[in-house]
Amino acid sequence: MKWKHEWLPHSILCLRDYSVSQFLQDLVAGITVGLVALPLAMAFGIASGVTPQAGMYTAVVAGFLISALGGSRVQIGGPTGAFVVIVAGIVAKFGVSGLSLVTLLAGALLVIMGVTGLGTAVKFIPRPVIIGFTNGIALLIASTQIKDFLGLKTGPVPSDFLKRMHVLIAHLKTTQWQTAAVGCISLAIIILWPRWNKRVPGSILALFAATLAVPLLHLPVETIGTRFGGIPQGFPPLTLPHLRAEQILPLLPSAFTVAMLAAVESLLSAVVADGMSGSRHNSNVELVAQGVANLASPLFGGIPATGAIARTATNIRSGARTPVSGMIHALTLLAILLVAAPLAKFVPLAALAAVLFVVAWNMGEWREIGSILRLAKTDVAVWLATFLLTVVADLTVAVGVGMALAALLYIYRIAETTTVAPVTEEYLRDGQAHVLQDKEIPPNVAILRIHGPFLFGTTEKLAEATANLNAFPAVVILRLRNMTALDATGLHALETFAERLHKSGRTLLLCGAREQPAELLAASEFVEHIGRENILPHVQAALARAREITEAFSGVGPIMAAELSRVSL
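Caption draft 1: Representation of helix α8 (residues 177-192). The end-to-end C-alpha distance of α8 is 22 Å, a good match for the 22 Å that 16 residues give at a rise of 1.5 Å each. Taken together, the buried positions of α8 are occupied by Gln 178, Thr 179, Ala 180, Val 182, Gly 183, Ser 186 and Ile 190. Its buried side turned inward, α8 meets α6 (127-150), α9 (202-216) and α15 (349-363).

Set out below in structure tokens:
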């Protein structure tokens, strides 16, 4: 029955036509991404204020369950940088037992969100808020690694960002040059190695090089062994966390933040995976899997887990076809725990700090700041408030304030769309060029229209309406005459749609944008992205432009024509 299929994980659905060749591709991809996840899992565990094995256990247990039960074909799950700051804060305030309860509560919330379909609520988080807390988390992660990267002798480092930076700056004179050298060389390897060889991850090469160099050269640097005593060898032990009922209410806000962050991160990762692999994920099944994984993780000494965008992308590039690759990734890490765990004690913390510096840079989406600053001052204010509060307060406060500001901005923009004006002859005359009824639409042209405000919470409708781009002809006209308002999230959705059309060889034309959307489009790089000649004042001009394109390129559009020409050569 259809409803049953809607709740089946992709690991079961893919078995219907699974083959030996697919398994071999999944095997290579799974082992590759497992090796990539090795330094990350340990680094995330340490940066979160727990042990390196906690990160490993999370990658094994949660990573396996997310792939086995999830709604994405190629999603990789495990500990991620997004959780580092909030997990470290929970551990500092409530201890490891408090973290276990938060993870269990977050897992239950994720299951409820998936079963009830409330997972769609994550689309109501506007882009400036997402960028703001992502920037803030990245900065905080980088700041927590300075001590280990330079080998500073500071004693306990404050959890508050400003106090932490004051202590670190005050103790810069205690920098250990051997530790700093290991960190800098590791960082250089991670950044530069992909220029020569993309098959072997730079983080793995840096980890092995640093781990070999420290004992061979007798370098006096801190390692996993000197701080944590190493990583226990064997299966992740089943340990029932010690829970107290009186802790539930104080920890609910943190659990809600972890659940929402896990939902946002996992669904963003699944969307990226869809774009790279050409598949389509099931959001509700994915959230249920994330919930189950977070319910299981603390039972084995793990921490919160979610979909990991970078590891998912690595999985796809390595040839993954089904969730089997994700399960193999978890089993690869388990094999390392069973066989090579004692060697982990030689891993220098400076090398793991270098890994996290790169993670912080990649997850920060720093290039997005330029596009945010070109938007309306209100969008900039939402981003800045979220960013600053993430850094100087905490993530729960930052997201709450950011959402409140975004909600007020939403109401403001909706109110601005209401107009009262008399119908005049000039109004009727000007409107004639926008009317479709008397226009002839060529067979190789499709027209889409957006009706109403295109703000956060509504942008998914464009992706749903254009899920199958193969059904569209060479030229697509997006009619904005009745789009009353546009925000940063809507603009990003338009950019994503334009990029999808471009990759498929199709041409996008925009027409009839009203004042506020037109101003936002002009202020961004979107105009240059699709070409000023492809943004028209009304549908009449858009149809004329479409005819020019199809007449010049034999009815297939310029991008398709160029591709056909290349193939024919």
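Having seen the model, we can carry on.
Caption draft 2: Region of interest: the confidence of the model for the protein. When pLDDT is averaged along the protein, the result is 84; 91% of the residues meet or exceed 70. Averaged pLDDT values over the elements of the protein bottom out at 43 in helix α25 (residues 558-568) and peak at 95 in helix α4 (residues 52-69). Per-residue pLDDT stays below 50 along residues 561-569; that stretch engages in three contacts with residues further than four places along the chain or on separate chains.

Caption draft 3: Structural detail: the packing of aromatic side chains. Using the criterion set out here, one finds three aromatic pairs in the structure. With a centroid separation of 4.9 Å and 70° between ring planes, the pair formed by Phe 149 and Phe 357 is classed as edge-to-face. A residue pair is termed long-range when its members are at least 10 positions apart, and Phe 149 in helix α6 and Phe 357 in helix α15 qualify at 208 residues. Here Phe 149 and Phe 357 have matching classes, each one buried. Between Trp 383 and Phe 387, the aromatic rings sit 5.8 Å apart at their centres with planes inclined by 5°, giving stacked as the arrangement. Of this pair, Trp 383 and Phe 387 are both found in helix α17 (residues 377-392), four residues apart, which corresponds to roughly one turn of the helix. Comparing Trp 383 with Phe 387 shows no difference in burial state: the two are buried.

Caption draft 4: Spatial organisation of the environment of Arg 199. Residue position: Arg 199 is located in the loop between α8 and α9. Assessed through its relative accessible area of 77%, Arg 199 is described here as exposed. In the structure, Arg 199 is positioned 23 residues away from Gln 176 in sequence and 33 Å away in space, judged by C-alpha atoms.

Caption draft 5: Highlighting the packing of helix α5 (residues 81-116) against α6. Between α5 and α6, the shortest axis-to-axis distance is 9 Å and the interhelical angle comes to 70°. In this view, α5 runs roughly perpendicular relative to α6, as classed from their interaxial angle. The element α5 and its partner α6 pack so that their crossing is left-handed. Two secondary-structure elements touch here, α5 through Gly 81, Ala 82, Val 84 and Val 85 and α6 through Ile 137, Leu 140 and Ile 141. Tallied by class, residues from the contact of α5 with α6 come to six nonpolar, one polar and no charged.

Caption draft 6: Spatial organisation of the environment of Gly 107. Topologically, Gly 107 is positioned in helix α5. Overall, Gly 107 belongs to the buried group, its relative accessible area being 0%. Considered as a pair, Gly 107 and Val 20 are 87 residues apart in the sequence and their alpha carbons are 35 Å apart.

Caption draft 7: Region of interest: empty space enclosed by the protein. Under the criterion given, the structure shown has two cavities of 30 Å³ or more. One number sums up the size of the second largest cavity: a volume of about 40 Å³. Forming the boundary of the second largest cavity are Ala 43, Ile 46, Gln 145, Asp 148, Leu 349, Leu 352, Ala 353 and Leu 356. Per-element accounting of the lining of the second largest cavity gives the leading share, four residues, to α15. Its residues assigned to classes, the lining of the second largest cavity shows six nonpolar, one polar and one charged.

Caption draft 8: Quick look at a nonpolar patch on the surface. On the surface, a nonpolar cluster with roughly 410 Å² of combined accessible area is contributed by Val 397, Val 401, Leu 405, Leu 408 and Ile 411. Here Ile 411 is to be found in helix α18 (residues 395-416). Taking the relative accessible area as the measure of exposure, Ile 411 reaches 55% and is therefore exposed.

Caption draft 9: A look at the layout of surface pockets. Size it by volume and the second largest pocket reaches roughly 1,100 Å³. Surrounding the second largest pocket, 40 residues form its lining, Ala 88, Gly 89, Ala 92, Ser 159 and Arg 164 being those nearest its centre. Counting only elements with at least two residues in the lining of the second largest pocket, the list comes to α3 (20-47), α5, α6, α7 (161-170), α10 (224-228), α11 (248-277), α17 and α18. At 10 residues, α5 tops the list of elements feeding residues into the lining of the second largest pocket.

Caption draft 10: Just the sheet that holds strand β5 (residues 507-511), in detail. Spatial strand order, β3-β4-β5-β6: four strands in an open sheet with parallel pairing. Every interior strand has two partners, whereas the edge strands, β3 (445-449) and β6 (535-536), have only one. Across two bridges, β5 lies against β6 in parallel orientation. Across the sheet, Cys 511 pairs through a bridge with Leu 536, a residue of β6. Packing of helix α21 (residues 488-503) onto the sheet brings it into contact with β3, β4 (475-479) and β5, and relative to β4 it is tilted by some 165°.

Caption draft 11: Region of interest: the nonpolar core. With 80 residues, the main nonpolar core has Met 42, Met 56, Ile 224, Ile 231, Leu 333 and Leu 352 as its most contacted residues. Counting residues per element, this core draws most heavily on α5, at 14 residues. Residues within four places of Ile 231 in sequence aside, it is in contact with Met 42, Pro 52, Gln 53, Met 56, Ile 224, Leu 337, Ala 341, Pro 342 and Ala 344. Counting 35 residues, the second largest nonpolar core, distinct from the first, contains Val 380, Leu 480, Leu 494 and Leu 510.

Caption draft 12: Local environment of the environment of Val 272. Along the polypeptide, Val 272 turns up in helix α11. Between the C-alpha atom of Val 272 and that of Met 113, which follows or precedes it by 159 residues, the distance is 21 Å.

Caption draft 13: Spotlight on the pairing of β5. With five of five residues buried, β5 lies mostly within the body of the structure. Side chains Thr 507, Leu 509 and Cys 511 of β5 all project onto a buried face; the interleaved residues Leu 508 and Leu 510 project onto the opposite face, where all are buried too. Across five bridges, β4 lies against β5 in parallel orientation. Residue pairing for β5: Val 476 is matched across the bridge by Leu 508. Between β4 and its parallel partner β5, the chain crosses via α21, and the hand of that crossover is right-handed.

Each value, and the rule that gives it
Residues numbered from 1 in each chain as written. Predicted model: local features only at pLDDT ≥ 70, side-chain atom pairs only at ≥ 80, totals over all residues. Heavy atoms only, no water. Helix = DSSP H or I, 4+ residues; strand = E, 2+ residues; numbered from the N terminus. Expected span 1.5 Å × (residues − 1). Buried < 20%, exposed > 50% of the residue type's maximum accessible area, 1.4 Å probe, protein only. Contact = heavy atoms within 4.5 Å. pLDDT = per-residue confidence, 0-100. Phe/Tyr/Trp six-rings, centres within 6.5 Å; stacked < 30°, edge-to-face > 60°. Axes fitted to C-alpha atoms, helices over the stretch in contact; angles between N-to-C directions. Parallel < 35°, antiparallel > 145°, perpendicular 65-115°, else oblique. Left-handed = near helix turned anticlockwise from the far one by under 90°. Nonpolar A, V, L, I, M, F, W, Y, C, P; charged D, E, K, R; others polar. 1 Å grid on protein atoms, 1.4 Å probe; cavity = no way out; pocket = protein on both sides within 12 Å on 5 of 7 lines; lining within 4 Å. Points joined across faces, edges and corners; volume = space filled by probe spheres on them. Patch = residues over 30% accessible without salt bridge, like charges linked within 9 Å, V, L, I, M, F, W, Y side chains within 5 Å. Areas by Shrake-Rupley, 256 points an atom, 1.4 Å probe, with all protein chains shown as cover. Salt bridge = Lys/Arg side-chain N within 4 Å of Asp/Glu carboxyl O. Pairing = 2+ DSSP bridges. Core = buried A, V, L, I, M, F, W, Y, C linked by side-chain atoms within 4.5 Å. Right-handed = clockwise from strand over helix to strand, strands pointing away.

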